[in-house]
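An overview of the molecular structure
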Amino acid sequence: MDRSWMQLQDRLSQEYVDGINSFMKVAKKCADATNCIRCPCIRCLNVLIYPLDVVDHHLYQFGISPTYCTWVYHGENCQPNSRGGGKHFYSLIEPVNYLLPK
Ligand SMILES: [Zn+2]
């Protein structure tokens, strides 16, 4: 899937809006019982968890993290343990390391 929209500076462009819409569609499937997901915006960097509508807002206000190319927290290559309550921090560290440039 083309994710070049994630690098766009113009967050009002149609391409970015379409990209966010496609992300939210994927992310919704990973929402928990309270409709919350990790926020991949530049500020939250998948550390903070917010309701879908707040995340949507952040992605327009702050922008999506341009390095978050594989949406591991939102259903892509999800680890079986990643939704376990006490394992949030462990599941966080591995994919972030994976994304760092070698
Ligand atoms: Zn955020």
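The shown structure was predicted, so the numbers you read here are calculated from the model rather than taken from an experiment.

**Description of the overall build of the protein chain**
Regarding its fold elements, the protein chain presents three helices and two strands. When the helices and strands of the protein chain are read in sequence order from the N terminus, they spell out α-β-β-α-α.

**A look at the nonpolar core**
Among soluble globular proteins, nonpolar side chains are generally buried collectively. By size, the foremost hydrophobic cluster in this structure holds 15 residues, and its most contacted members are Ile 20, Cys 41, Val 55, Leu 59, Ile 64 and Trp 71. Elements supplying a minimum of two residues to this core: helix H1 (14–28) and helix H2 (52–61). Top element by residues in this core is H1. It accounts for four residues. Residues within four places of Ile 20 in sequence aside, it is in contact with Asp 56, Leu 59 and Tyr 60.

**Quick notes on the environment of Arg 3**
Note that Arg 3 resides in the segment before H1. With 16 residues separating them along the chain, Arg 3 and Gly 19 place their C-alpha atoms 7.5 Å apart.

**Quick notes on the confidence of the model for the protein chain**
For the protein chain, the mean per-residue pLDDT works out to 84, and 75% of the residues sit at or above 70. Mean pLDDT values for the elements of the protein chain range from 52 in helix H3 (residues 88–99) up to 98 in H2. Throughout residues 81–91 the model reports pLDDT below 50, and contacts reaching past four residues in sequence, or to other chains, amount to four contacts.

**Observations concerning the packing of H1 against H2**
It is at 11 Å that the axes of H1 and H2 come closest, and there the two elements cross at 155 degrees. Comparing the axis directions of H1 and H2 gives the class roughly antiparallel. Like other packed secondary-structure pairs, H1 and H2 cross with a definite hand, here right-handed. Seen from H1, the contacting residues are Ile 20, Met 24 and Lys 28; seen from H2, they are Leu 52, Asp 56, Leu 59 and Tyr 60.

**A look at the environment of Lys 25**
Relative to the helices and strands, Lys 25 is located in helix H1. Here Lys 25 falls in the exposed class, since 10 other C-beta atoms lie within 10 Å of it. Separated by 49 residues in sequence, Lys 25 and His 74 place their C-alpha atoms 9.8 Å apart.

**Quick look at H1**
For H1, with 15 residues, the first-to-last C-alpha span of 21 Å sits near the 21 Å given by 1.5 Å per residue. Turning to H1, its buried residues are Tyr 16, Gly 19, Ile 20, Phe 23 and Ala 27. Along H1, the residues classed as buried sweep out an arc of 100 degrees about the axis, all on the same side. Facing away from the buried side of H1, by more than 90 degrees, are the exposed residues Gln 14, Asp 18, Asn 21 and Lys 25. Along its buried surface, H1 packs onto strand S1 (36–38) and H2.

Parameters at a glance
- Residues numbered from 1 in each chain as written.
- Predicted model: local features only at pLDDT ≥ 70, side-chain atom pairs only at ≥ 80, totals over all residues.
- Helix = DSSP H or I, 4+ residues; strand = E, 2+ residues; numbered from the N terminus.
- Core = buried A, V, L, I, M, F, W, Y, C linked by C-beta atoms within 7 Å.
- Buried ≥ 20, exposed ≤ 12 C-beta atoms within 10 Å, placed from the backbone.
- Contact = placed C-beta atoms within 7 Å.
- pLDDT = per-residue confidence, 0-100.
- Axes fitted to C-alpha atoms, helices over the stretch in contact; angles between N-to-C directions.
- Parallel < 35°, antiparallel > 145°, perpendicular 65-115°, else oblique.
- Left-handed = near helix turned anticlockwise from the far one by under 90°.
- Expected span 1.5 Å × (residues − 1).
- Arc of directions from axis to C-beta.

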